[in-house]
Amino acid sequence: MGKFELMGLPYAIDALEPVISKETIGFHHGKHLAGYVNNLNGLLEGSPLAGLPLEEIVLKAEGGMLNNAGQILNHNLYFGQFCAPKADNAPMGKLADAIARDFGSFEAFKEEFQKKGATLFGSGWVWLSADKDGKLVITQEPNAANPIQKGLRPLLTFDVWEHAYYLDYQNRRPDHLAALWQIVDWKVVEGRF
Ligand SMILES: [Fe+2]
């Protein structure tokens, strides 16, 4: 009761290759995310926040509890938004229209998103979110932060912690970010929108 569980991956562990190797997924999901889940469950024992939904814990917690809850929320959104690589992968429908409206074009959006991911100093996340009026924004969030803390609705995220790419890309964070567009499951992102 009230315990969080490690999310199941919605694809095989090697399904994202060669963009993300099964070794990286194994460590990232099976060790890093699992560690955050175990840490949070331990911290919630006897806490007044025990039993609340994850998003509410992120909005109410502080310190280590906030960091671990934030990382679980971030990683659940991250791992849940990918699929096997596709050529010419792009959003459709209302989300594609909103991207063109707010960034000029899909290409311009990708360029700004990658740039904000590449220039985020240290560990963190780059996000596409919608504000309360449905306008799209790209934000850089440090460490374990999530756009819900700014009143935004998160749609898409790239993890720029080194554990997300170091085995496959070493220090080449921009190359990793550029490759991720092949595996974004835009149907999932459109559903969040
Ligand atoms: Fe991560």
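The paragraphs below set out a description of the structure included in this document. (Residues numbered from 1 in each chain as written. Predicted model: local features only at pLDDT ≥ 70, side-chain atom pairs only at ≥ 80, totals over all residues. Heavy atoms only, no water.)

This part takes up the coordination of the iron ion. Taken together, the protein donors to the iron ion comprise His28 (NE2), His75 (NE2), Asp159 (OD) and His163 (NE2), at separations of 1.9 to 2.1 Å. Every donor counted, the four donor atoms about the iron ion form angles of 92 to 126° at the centre, which fits tetrahedral coordination. Mapped onto the sequence, the donors of the iron ion take the spacing H-x46-H-x83-D-x3-H. Here the residue His75 occupies a position in helix α3 (residues 63-79), and Asp159 occupies one in strand β3 (residues 153-159), the gap between them amounting to 84 residues. (Donors = N, O, S within 2.8 Å, 3.2 Å for Na, K, Ca; no water. Tetrahedral: all angles 85-135°; square planar, octahedral: opposite > 155°, others 65-115°. Helix = DSSP H or I, 4+ residues; strand = E, 2+ residues; numbered from the N terminus.)

Let us now look at the nonpolar core. Counting 56 residues, the largest nonpolar core has Phe109, Leu156 and Trp186 as the members making the most contacts within it. It is α3 that contributes the most residues to this core, seven residues altogether. Look past the residues within four positions of Trp186 in its chain and what remains in contact with it is Asn89, Ala90, Pro91, Leu95, Ile99, Phe106, Phe109, Leu156 and Trp181. (Core = buried A, V, L, I, M, F, W, Y, C linked by side-chain atoms within 4.5 Å. Buried < 20%, exposed > 50% of the residue type's maximum accessible area, 1.4 Å probe, protein only. Contact = heavy atoms within 4.5 Å.)

Overall, antiparallel pairing links the three strands, which are arranged β2-β1-β3 in an open sheet. Every interior strand has two partners, whereas the edge strands, β2 (136-142) and β3, have only one. Taken over all neighbouring pairs, the strand axes of this sheet differ in orientation by 25° on average, direction set aside. The sheet contact formed by strand β1 (residues 124-130) and β2 spans seven bridges and is antiparallel. Within β2, the residue paired with Trp125 across the bridge is Glu141. Along the sheet, helix α5 (residues 106-118) makes contact with β1, β2 and β3, crossing β1 at roughly 145°. (Pairing = 2+ DSSP bridges. Axes fitted to C-alpha atoms, helices over the stretch in contact; angles between N-to-C directions.)

Under the criterion given, the structure shown has nine salt bridges. Between Lys150 and Glu141 there is a salt bridge, with the nearest N and O atoms lying 2.8 Å from each other. The closest approach of N and O atoms between Arg172 and Asp175, which form a salt bridge, is 3.3 Å. Judged by its relative accessible area of 37%, Arg172 falls in the partly exposed class. Note on Asp175: relative accessible area 42%, which makes it partly exposed. (Salt bridge = Lys/Arg side-chain N within 4 Å of Asp/Glu carboxyl O.)

What follows covers the packing of aromatic side chains. The description of an aromatic ring pair rests on the distance of the ring centres and on the angle between the ring planes. As enumerated under the stated definition, the model contains 15 aromatic pairs in all. Ring geometry for Tyr78 and Phe82: centres 4.9 Å apart, planes at 85°, overall edge-to-face. The exposure class assigned to Phe82 is buried, which follows from its relative accessible area of 3%. Between Phe158 and Trp181 the ring centres are 4.8 Å apart and the planes differ by 55°, which places this aromatic pair in the tilted class. (Phe/Tyr/Trp six-rings, centres within 6.5 Å; stacked < 30°, edge-to-face > 60°.)

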